[in-house]
Amino acid sequence: MKIAIGSDHGGYELKEYLKKYLARKRHQTTDFGTFNHDSVDYPDIAKPVGRSVAKKDYHFGILICGTGIGICIAANKVPGIRAAVCHNVYTSQMAREHNDANVLCLGGRVVTKKMALNILKIFLKTKFAGGRHLRRVRKIGR
Ligand code: RB5
């Protein structure tokens, strides 16, 4: 799969960890930064990742900040993006199955690396259920 990944400083360590997993699984991953622990503004990362996923350059985006919240709010301002903060496997599965989320947001200060990996695995493998959920997603609009 083609995946766009990005984080602010609060998500930097988790981003580096998840990138290693994605590389092992031979996903084509593009890193939109940040590239060290220095403080950056999460919208500066969320917007380019969101735009590239909305353009369908990538199947999915992964965005990580301290809580996952700010970077998710910013990504959802990009037309065509349905970004979801997921704290566990259930919310990750539902974000794909019911909401057809195309960007997974994580909190680097909220979830453990192991939990984040489980959340990511479920997100990548779960298909959108369609049907009544498609009707609801369409009602959200772009
Ligand atoms: C940065 O300290 C922090 O505010 C950011 O990573 C994120 O948690 C915002 O929602």
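Heads up: the structure comes first, above all this text.
Residues numbered from 1 in each chain as written. Predicted model: local features only at pLDDT ≥ 70, side-chain atom pairs only at ≥ 80, totals over all residues. Heavy atoms only, no water.

**Observations concerning the pairing of strand 5 (residues 103-107)**
Judged by how many residues are buried, strand 5 sits mostly within the fold: five of five residues are covered. Alternating positions in strand 5 separate into two faces, Val103, Cys105 and Gly107 on one and Leu104 and Leu106 on the other, with burial throughout. Note that strand 3 (residues 60-65) and strand 5 share five bridges and pair parallel. Looking across to strand 5, one finds that Leu63 is bridged to Cys105. This β-α-β element, strand 4 (residues 83-85) to helix 4 (residues 89-97) to strand 5, shows right-handed connectivity. (Buried < 20%, exposed > 50% of the residue type's maximum accessible area, 1.4 Å probe, protein only. Helix = DSSP H or I, 4+ residues; strand = E, 2+ residues; numbered from the N terminus. Pairing = 2+ DSSP bridges. Right-handed = clockwise from strand over helix to strand, strands pointing away.)

**With respect to the site of the ligand**
As a structural note, the neighbourhood of the ligand is formed by Asp8, His9, Tyr42, Cys65, Gly66, Thr67, Gly70 and Arg109. One of the side-chain nitrogen or oxygen atoms of Asp8 is found 2.6 Å away from an oxygen atom of the ligand. Taking Arg109, its side chain carries an N or O atom lying 3.4 Å from an oxygen atom of the ligand. Relative to its unbound accessible surface of 290 Å², the ligand loses 70% to contact with the protein. Grouping the constituent residues of the shell around the ligand by class yields two nonpolar, four polar and two charged. (Near = heavy atom within 4 Å. Polar contact = N/O pair within 3.5 Å; in protein donor to acceptor, adjacent residues only side chain to side chain. Areas by Shrake-Rupley, 256 points an atom, 1.4 Å probe, with all protein chains shown as cover. Nonpolar A, V, L, I, M, F, W, Y, C, P; charged D, E, K, R; others polar.)

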